[in-house]
Amino acid sequence: MQMNINNDTYEVITSQDINNIEQAVDKSALSMPLVAVYCGSRLGNSEVYEQAARELGTALAENGLGLVYGGASIGLMGAVADEVIQNGAQAVGVIPTFMLKHEIAHEQLTRLHLTDTMHTRKTIMAEYADAFITLPGGLGTLEEIMEIATWRQLYQHEKPMIILNINGFYDRMIEHLKHTTEQGFMKQEDLDRLVVCNTIDDAIDLLKTVVKIHDDVDTEKMAGSES
């Protein structure tokens, strides 16, 4: 299936396509690792959130890292993408076709993918990503980072996951996850894998130690595969 946006034609990636994920996601033309950034399609009620999104986008680009994200030009999503692009790094957007009624696709991306469902979108983003960072956001953002943490718990990936706790936004969620662990519903090791950083500098420093910026990154470390 194809779809036209701004006089450009795009193939729509479907759930059947992700059965052969290597063909759906071609990373050979990309010159840098990509960090998946989960964040809001709104700006929030404080300037600090947009400022953090723009600072993160700039910091990623300045450290040789690109972006994979939800593909929109609005909210924190648009802010982080703008800075990545303006600072010379690559940005890949992934957006379901039905969301084009609600979110305007960014027009300056290195690559834009359209998908049939949210699940397909998240699978494509996870395949592109060499690491995951969560900025403030709403229900969708919470769902995305919790799902990727669940995939890690089930040994479906071994990629770093960072919660960027800007302005103490995730304090209550972090406390709840600690409570969940204390009550025996979550292992401490799974909680520890969700690394909390309070500043962008801390997040970038962590990425430098776990993502080899100048080397190829193995994105297929699945359960049972050779390391």
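Structure shown above.
Basis of the calculations
Residues numbered from 1 in each chain as written. Predicted model: local features only at pLDDT ≥ 70, side-chain atom pairs only at ≥ 80, totals over all residues. Heavy atoms only, no water. Helix = DSSP H or I, 4+ residues; strand = E, 2+ residues; numbered from the N terminus. Axes fitted to C-alpha atoms, helices over the stretch in contact; angles between N-to-C directions. Parallel < 35°, antiparallel > 145°, perpendicular 65-115°, else oblique. Left-handed = near helix turned anticlockwise from the far one by under 90°. Contact = heavy atoms within 4.5 Å. Nonpolar A, V, L, I, M, F, W, Y, C, P; charged D, E, K, R; others polar. Pairing = 2+ DSSP bridges. Expected span 1.5 Å × (residues − 1). Buried < 20%, exposed > 50% of the residue type's maximum accessible area, 1.4 Å probe, protein only. Phe/Tyr/Trp six-rings, centres within 6.5 Å; stacked < 30°, edge-to-face > 60°. Polar contact = N/O pair within 3.5 Å; in protein donor to acceptor, adjacent residues only side chain to side chain.

Colleague: Outline unusual backbone geometry, supporting the account with residue identities and numerical values.
Modeller: For Tyr155, which is not glycine, the phi dihedral falls at a positive 65°. Within the secondary structure, Tyr155 sits in the loop between helix H5 (139–153) and strand E8 (161–164). The phi dihedral of Asn167 is positive, around 60°, even though this residue is not glycine. As for its position among the elements, Asn167 is in the loop between E8 and helix H6 (171–182).

Colleague: Tell me about the packing of helix H2 (residues 47–62) against helix H8 (residues 200–210), residues and numbers included.
Modeller: The interhelical angle for the contact between H2 and H8, taken along N-to-C directions, is 30°, at an axis separation of 10 Å. The orientation of H2 relative to H8 falls into the category roughly parallel. In this structure, H2 crosses over H8, and the sense of that crossing is right-handed. In this structure, H2 contributes Ala52, Glu55, Leu56, Ala59 and Leu60 to the contact, and H8 contributes Ile200, Ile204 and Leu207. Here the contact of H2 with H8 is composed, by residue class, of seven nonpolar, no polar and one charged.

Colleague: Could you give an account of the sheet that holds strand E7 (residues 129–134), naming the residues involved and the relevant values?
Modeller: Judged by pairing direction, the sheet is mixed, and its nine strands sit side by side in the order E1-E2-E6-E5-E4-E3-E7-E8-E9 without closing on themselves. Looking at which strands have only one partner, the edges of the open sheet turn out to be strand E1 (2–5) and strand E9 (194–197). Strand-to-strand twist across the sheet, computed as the mean angle between neighbouring axes with direction ignored, equals 30°. As paired strands, strand E2 (residues 8–13) and strand E6 (residues 111–115) are joined by two bridges and run parallel to one another. By the bridge assignment, Ile13 is partnered in E6 with Thr115. Across the face of the sheet, H5 comes into contact with strand E3 (34–38), E7, E8 and E9 while running at roughly 130° to E3.

Colleague: Tell me about helix H3 (residues 75–86), and please be specific about residues and values.
Modeller: Taking 1.5 Å as the rise per residue, H3 with twelve residues should run 16 Å; its terminal C-alpha atoms sit 17 Å apart, in good agreement. With ten of twelve residues buried, H3 is to be regarded as a mostly interior element. Of all the residues in H3, the buried ones are Gly75, Leu76, Met77, Gly78, Ala79, Val80, Ala81, Asp82, Glu83 and Val84. Contacts made by the buried residues of H3 are with H2, strand E4 (66–69), strand E5 (91–96) and helix H4 (118–128). Positive backbone phi, approximately 85°, marks Gly88, located one or two places after H3.

Colleague: Any details on the environment of Asp201? Residues and values, ideally.
Modeller: With respect to the secondary-structure elements, Asp201 resides in helix H8. By relative accessible area, Asp201 is classed as exposed at 57%. Along the backbone, Asp201 and Asn4 are 197 residues apart, and their C-alpha atoms lie at a distance of 39 Å.

Colleague: Give a description of the packing of aromatic side chains that names residues and reports values.
Modeller: Overall, the coordinates contain three aromatic pairs when judged by the stated rule. Ring plane angle 20° and centroid distance 6.1 Å describe the contact between Tyr38 and Phe132, whose orientation is recorded as stacked. Remark: Phe132 occurs in strand E7 and Tyr38 occurs in strand E3; sequence separation between them is 94 residues. Classification of Phe132 as buried rests on a relative accessible area of 1%.

Colleague: Please give an account of H5 that cites residues and values.
Modeller: An ideal rise of 1.5 Å per residue puts 21 Å on 15 residues; H5 measures up with 21 Å between its terminal C-alpha atoms. Where H5 is concerned, the buried positions are Thr141, Glu144, Ile145, Glu147, Ile148, Ala149 and Arg152. Of the surrounding secondary structure, the elements contacted by the buried residues of H5 are E3, H4, E7, E8 and E9. Phi turns positive, to about 65°, at Tyr155, one or two residues after H5.

Colleague: Give me the side chain of Thr115: which residues, what numbers.
Modeller: Looking at the secondary structure, you find Thr115 in strand E6. The buried category is assigned to Thr115, whose relative accessible area is 0%. Engagement of the side chain of Thr115 in a polar contact is seen with the backbone oxygen of Thr117, the distance being 3.1 Å. If sequence neighbours within four positions are ignored, Thr115 has contacts with Val12, Ile13, Val94, Ile95, Pro96, Thr97, Thr120 and Arg121.

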